[in-house]
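Structural description and commentary
Each chain, written out:
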Amino acid sequence: MTRLPAPTTDPAAFATASSRFLCAAASEADVVYAELDSPVGPLVAAATPKGLVRLAYRDFNGGLDAVLEGLAGRLSPRIVEAPARLDAVRSQLEEYFAGSRRSFEVPVDLALAAPFGREVLLACARIPYGATSSYAGVARDAGRPTASRATGNALGANPVPIVVPCHRVLRAGGGIGGYTGGLAVKEHLLGLEGVLLG
């Protein structure tokens, strides 16, 4: 039996082929994601062709694998890491944390929110930078003035915190309330926006 020599590979050709494969995979994916660094800890951003569908606090949401498993179970298992496809999200978050951005202009896909949750998140998105509202106020703005508790639950399930600013919602009387990324993160975001808590 004749032994064949091991094939040789050209590193540049391999890198080019790998890049083409990743671009092709990303174009076929239903969901793309990227890990992002931030002053409040690592984030996982995910997008569909419609827009940003998930912005998760990685360490608060069980880690990257748990976030991706949730997306696969609720949206599609066709998920590919494609950081370049989330450059606009990364850039706008960096501007926000630097204090030079007060609102986000990336398209948002609320596919992970229930119908009432979408109404709540749309009402929440109208709270301006540096301002706050209450759970009752957001419920009223969502057209359900008696649904404060359900509003709190919908805000707690916000799939795109920071971009849809649920950190701007406080308890009646000004108490901080809860937050999907933890109270320290909520306090940091409010402080960044100049909101002083008593």
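This write-up is about the structure you can find in this document. (Residues numbered from 1 in each chain as written. Predicted model: local features only at pLDDT ≥ 70, side-chain atom pairs only at ≥ 80, totals over all residues. Heavy atoms only, no water.)

1. Let's talk about the overall build of the protein chain
The helix and strand tally for the protein chain stands at seven helices and six strands. Reading the protein chain from its N end, one meets helices and strands in the order α-β-β-β-α-β-α-α-β-α-α-β-α. Across the 198 residues of the protein chain, 44% fall into the buried class. A separation threshold of at least 6 residues defines the contact pool for the protein chain, and within that pool the share at least 24 residues apart is 58%. Carbon together with sulfur atoms contributes 55% to the accessible area of the protein chain, which is approximately 10800 Å² in total. (Helix = DSSP H or I, 4+ residues; strand = E, 2+ residues; numbered from the N terminus. Buried < 20%, exposed > 50% of the residue type's maximum accessible area, 1.4 Å probe, protein only. Contact = heavy atoms within 4.5 Å. Areas by Shrake-Rupley, 256 points an atom, 1.4 Å probe, with all protein chains shown as cover.)

2. Examining the packing of aromatic side chains
Scanning all chains against the criterion turns up four aromatic pairs. Centre to centre, the rings of Y57 and Y179 are 5.8 Å apart; their planes meet at 65°, and the pair counts as edge-to-face. Of this pair, Y57 sits in strand β3 (residues 51-57) while Y179 sits in the loop between β6 (169-170) and α7 (183-192), and the two are 122 residues apart along the sequence. Per residue, the accessibility class of Y57 equals that of Y179, and both read buried. For the ring pair Y96 and Y129, a centre distance of 6.3 Å and an interplane angle of 85° mean the geometry is edge-to-face. Here the residue Y96 occupies a position in helix α3 (residues 87-97), and Y129 occupies one in the loop between α4 (115-125) and β5 (133-134), the gap between them amounting to 33 residues. Pair check on accessibility: Y96 and Y129 agree, each one buried. An aromatic cluster is built from Y96, F97, F104 and Y129, whose rings are joined through pairwise contacts. (Phe/Tyr/Trp six-rings, centres within 6.5 Å; stacked < 30°, edge-to-face > 60°.)

3. So, the sheet that holds strand β2 (residues 43-48)
The strand order across the open sheet formed by four strands is β3-β2-β1-β4, and the pairing between neighbours is mixed. Of all strands in the sheet, those with a lone pairing partner are β3 and β4 (79-81), marking the two edges. Within this sheet the neighbouring strands show an average axis-to-axis angle of 25°, counted without direction. Pairing analysis gives six bridges linking β2 to β3, with the strands arranged antiparallel. Bridge pairing in β3 places V44 opposite A56. (Pairing = 2+ DSSP bridges. Axes fitted to C-alpha atoms, helices over the stretch in contact; angles between N-to-C directions.)

4. Thoughts on α4
All buried positions along α4 are accounted for by F116, G117, V120, L121, A123 and C124. Within α4, the buried residues cover an arc of 160° as seen down the axis, which keeps them to one side. Looking at the buried side of α4, the elements it contacts are α5 (135-141), α6 (148-156) and β6. (Arc of directions from axis to C-beta.)

5. Structural notes on the nonpolar core
Membership of the largest hydrophobic core comes to 44 residues, with the highest contact counts inside it found for Y57, L86, V89, L93, L155, I162 and L189. Per-element accounting of this core gives the leading share, five residues, to α4. For L86, the residues in contact, after removing those within four places along its chain, are V32, Y33, A34, A45, A46, A47 and L52. Judged by nonpolar contacts, the second largest core, of twelve residues, contains Y33, V53, L64 and I79. (Core = buried A, V, L, I, M, F, W, Y, C linked by side-chain atoms within 4.5 Å.)

6. A look at α3
Along α3, the positions that sit buried rather than exposed are V89, Q92, L93, Y96 and F97. The buried residues of α3 occupy an angular sector of 135° when the element is viewed end-on, so they sit on one face. Contact partners of the buried residues in α3: β1 (31-36), β2, β3 and α7. Immediately downstream of α3, the backbone of G99 shows phi near 85°, a positive value.

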